[in-house]
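Structure at a glance
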Amino acid sequence: MRSHGSLPAAVFFGRCPTSPSGRISWLALATLVAACAATTLAPRPSEAQGFGVGVRFDLTAGSSPRWVAVGDLNGDGKLDLVTANNGSNTVSVLLGNGVGGFGSKSDFIAGSQPNWVSIGDLNGDGRPDLAVADYGAATVSVLLGNGAGGFGAKTDVAVGAAPQAVVMGDLNGDGRPDLVAANGNSNSVSVLLNNGVGGWTRTDFTTGSNPIAVSIADVNGDGKLDLATANYYGNSVSILLGNGKGGFAPRTDIPVGINPGSAALNDVNGDGKPDLAVGNQGDNTVSVMIGDGLGGFGAATTYPCPAGVFTVVIGDVDGDGKADLVAGNGSASSVSVLPGNGAGGFGARSDFSAGSGCYCLTIADVNGDG
């Protein structure tokens, strides 16, 4: 997968319904690899429309995987997988072989009902660690990595009620990754500033109703990271502008579709400014809003998707240098690819069959083919 501009190639938001089999899958679509926390994932060859389709791989994880993250966990230069398993209170680590294969899972204890997992070096030892949003415990669990794909016992950090997601970013410019949790039942985000030696300073900021996803980017071009939350019951995205010291201004709410499940920030029109793409589960659409680089966003352009669209990620999946959209459609059990035209618009989608409840997905080049 190719990065688009200076922003991350993909930002991942959302949650998956119960998948009792505890399986995740990936599907090769040219440079795209889509990993879904779902039972099966298979292409519809008749609908490929120019995207190269590879074979399906089903991988065993813990019970009810709700999120999947990708990173090199053992320092071998190959991408690995980690899932947040809501039904077993664990995370599963699957080490990659660099050609699309993954070893058997290793499970590590998280908090109650983990919904989301993020990867980053939280203690400055050069080894990737994990942060897990524990929906049932109002905590974020931090698991420090040993650099070989293993993780130590969790340390729990209190956040707001029912954290749905947790993401990482240096919010106060001290060179250490901080954490932000989206608290669904508190209508807030908890910002956890990292002291680098296991201590966290928490401050909560108000969002719209039922934030279930959060994204970090500099949306107003001042060099300071800002936040965007998808507010499921508020039918909105809240923008919170950062002050560069870990604080945030009162939110500005942007109306979107019904029941937004994700809010992806990335440059879709090539002007170097982050734009916004939102998956709206309630009306089966994706909303795209072009950013002005000052913290504002234009009127939404909507694109219909199959039933239950939830997570939307942004990346160049067909190798043409233009940002595309990839959506996970839980009720339809499919993944949709919408090719970008480089000017902020998107063409006719291609749908690919997925397993039951593919609400969350991530994209990465796990087989090293570029």
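Per chain, residues are indexed from 1 in the order of the written sequence. Where local features are concerned, this predicted model is filtered to residues with pLDDT of at least 70; where side-chain atom pairs are given and counted, the filter is 80 or more; whole-chain, interface and lining totals use all residues. For the side-chain quantities, the full set of heavy atoms in the structure was used; hydrogens and water were omitted.

1. Structural notes on the overall build of the protein chain
We apply this condition: Under the scheme used here, helices are H or I runs from DSSP no shorter than 4 residues and strands are E runs no shorter than 2 residues, and both carry numbers assigned from the N terminus. Whether two residues are in contact is decided by their heavy atoms: any pair within 4.5 Å suffices. Accessible surface is estimated by sampling points in the Shrake-Rupley manner with a 1.4 Å probe; for residues, cover comes only from the protein chains shown.
Assigned secondary structure in the protein chain consists of 0 helices and 28 strands. Pairs at least 24 residues apart make up 47% of the contacts formed inside the protein chain by residues separated by at least 6 positions. For the protein chain, the accessible area works out to roughly 12,100 Å², and carbon and sulfur atoms hold 49% of it.

2. Description of the environment of Val82
In plain terms, the rule: Burial here depends on accessible area, computed with a 1.4 Å probe over protein chains only, as a share of the maximum for the residue type. Under 20% is buried, over 50% is exposed, and the range in between is partly exposed.
Its location among the elements puts Val82 in strand β5 (residues 80-85). You can call Val82 buried: its relative accessible area is 0%. Each C-alpha atom, one on Val82 and one on Val117, is 7.5 Å from the other, the two residues being 35 residues apart in sequence. In this view, Val82 contacts Trp67, Val68, Ala69, Leu73, Val91, Ser92, Val93, Val117, Ile119 and Leu130; residues no more than four positions away in its chain are not counted.

3. What to know about the confidence of the model for the protein chain
In regions of low pLDDT, the predicted coordinates are not meant to be interpreted in detail. Under the convention used in this document: How sure the predictor is of each residue is captured by pLDDT, a score from 0 to 100.
Looking at the protein chain, the pLDDT average stands at 86 and 84% of residues meet or exceed 70. Every residue in residues 29-34 scores below 50 in pLDDT, and together they form 33 contacts with partners more than four places removed in sequence or on other chains. The low-confidence segment residues 38-54 (pLDDT under 50) makes 65 contacts with residues lying over four places distant or belonging to another chain.

4. What about the sheet that holds strand β7 (residues 106-109)?
Paired through their backbone hydrogen bonds, the strands of a sheet run either parallel or antiparallel. Inclusion rule: DSSP calls a pair of strands paired once it identifies at least 2 bridges connecting them. Axis definition: a line fit to C-alpha positions, over the contact stretch in the case of helices; interaxial angles, taken between N-to-C directions, run 0 to 180 degrees.
Across the sheet, which stays open at both edges, the 4 strands sit in the order β4-β5-β6-β7 with antiparallel pairing between neighbours. For this open sheet the edge positions go to β4 (65-71) and β7, each flanked by a neighbour on one side alone. Averaged over all neighbouring strand pairs, the angle between strand axes comes to 25 degrees, with direction disregarded. Alignment of β4 against β5, held across 6 bridges, turns out to be antiparallel. Bridge pairing in β5 links Ala69 to Val82.

5. Comments concerning the pattern of salt bridges
This is how it is decided: Just to be clear on terms, a salt bridge is a Lys or Arg side-chain nitrogen sitting within 4 Å of an Asp or Glu carboxyl oxygen.
Scanning the model with the defined rule gives 6 salt bridges in all. Arg176 is the salt-bridge partner of Asp174, the closest N and O atoms lying 3.1 Å from each other. Relative accessible area serves as the criterion here: at 29%, Asp174 is assigned to the partly exposed category.

6. Section: the environment of Asp178
Stated formally: Two N or O atoms count as a polar contact when they lie within 3.5 Å, although within protein this holds only if one can serve as hydrogen donor and the other as acceptor, and sequence-adjacent residues are included solely when both atoms are side-chain atoms.
On the secondary structure map, Asp178 appears in strand β13 (residues 178-183). On the accessibility criterion, Asp178 (0% relative accessible area) is buried. Measuring from C-alpha to C-alpha, the distance between Asp178 and Gly196 comes to 9.3 Å, with 18 residues separating the pair along the chain. A polar contact of 2.8 Å, which involves the side chain of Asp178, links it to the backbone nitrogen of Asn194.

7. Some thoughts on unusual backbone geometry
The backbone of Ala138 sits at a positive phi, close to 55 degrees, despite the residue not being glycine. Relative to the assigned elements, Ala138 resides in the loop between β9 (129-134) and β10 (139-143). In the Ramachandran plot, Asn284 falls in the positive-phi region, its phi being about 55 degrees despite a non-glycine side chain. Mapped onto the fold, Asn284 is located in the loop between β21 (275-280) and β22 (285-289). Since its relative accessible area comes to 26%, Asn284 is described here as partly exposed.

8. Points about the environment of Gly308
Mapped onto the elements of the fold, Gly308 is located in the loop between β23 (301-304) and β24 (309-315). Taking C-alpha positions, Gly308 is 8.4 Å from Ser333, a pair spaced 25 residues apart along the chain. Once you skip the residues sitting within four places of it in the chain, Gly308 turns out to touch Gln281, Asn284, Gly328, Asn329, Gly330, Ser331 and Tyr359.

9. Quick word on the sheet that holds β23
Strand order in this open sheet of 4 strands is β20-β21-β22-β23, and the pairing throughout is antiparallel. Since the sheet does not close on itself, it has two edges, and those belong to β20 (260-266) and β23, each with one partner. Direction aside, neighbouring strands of the sheet carry axes that sit 20 degrees apart on average.

10. Points about the packing of aromatic side chains
Note the following rule: Whether two aromatic rings pair depends on their centres lying within 6.5 Å, for rings of Phe, Tyr and Trp, where Trp uses its six-membered ring; planes under 30 degrees apart make the pair stacked, over 60 edge-to-face, and the rest tilted.
The tally for this structure, following the rule as stated, stands at 6 aromatic pairs. With a centroid separation of 5.5 Å and 80 degrees between ring planes, the pair formed by Phe205 and Phe248 is classed as edge-to-face. Here Phe205, found in strand β15 (residues 200-206), pairs with Phe248, found in the loop between β18 (236-240) and β19 (252-255); they are 43 residues apart in sequence, far enough to count as distant. Its relative accessible area of 14% is what places Phe205 among the buried residues. Aromatic side chains Tyr232 and Phe310 sit 6.4 Å apart centroid to centroid with 40 degrees between the ring planes, which places their arrangement in the tilted category.

11. A word on the side chain of Thr285
The residue Thr285 is located in strand β22 in this model. In terms of polar contacts, Thr285 uses its side chain to reach the side chain of Asp283, at 2.8 Å. Look past the residues within four positions of Thr285 in its chain and what remains in contact with it is Val278, Gly279, Asn280, Thr302, Tyr303, Pro304, Cys305 and Val309.

12. Re the nonpolar core
What counts, and what does not: To define a nonpolar core, start from buried Ala, Val, Leu, Ile, Met, Phe, Trp, Tyr and Cys residues and group those joined through side-chain atoms within 4.5 Å.
Counting 43 residues, the largest nonpolar core has Val82, Val91, Val117, Leu179, Val180, Val191 and Leu227 as the members making the most contacts within it. Apart from the residues lying within four places of it in its own chain, the contact partners of Val91 are Val82, Thr83, Ala84, Asn85, Ser106, Asp107, Phe108, Ala110, Val117, Leu130, Val132 and Leu143.

13. Things to note about the pairing of β15
Strand direction decides the pairing type here: strand β14 (residues 188-194) and β15, joined by 7 bridges, are antiparallel. Residue pairing for β15: Ser190 is matched across the bridge by Asp204. As consecutive antiparallel partners, β14 and β15 are separated by 5 residues, and within that stretch Gly196 has a phi angle of approximately 85 degrees, a positive value.

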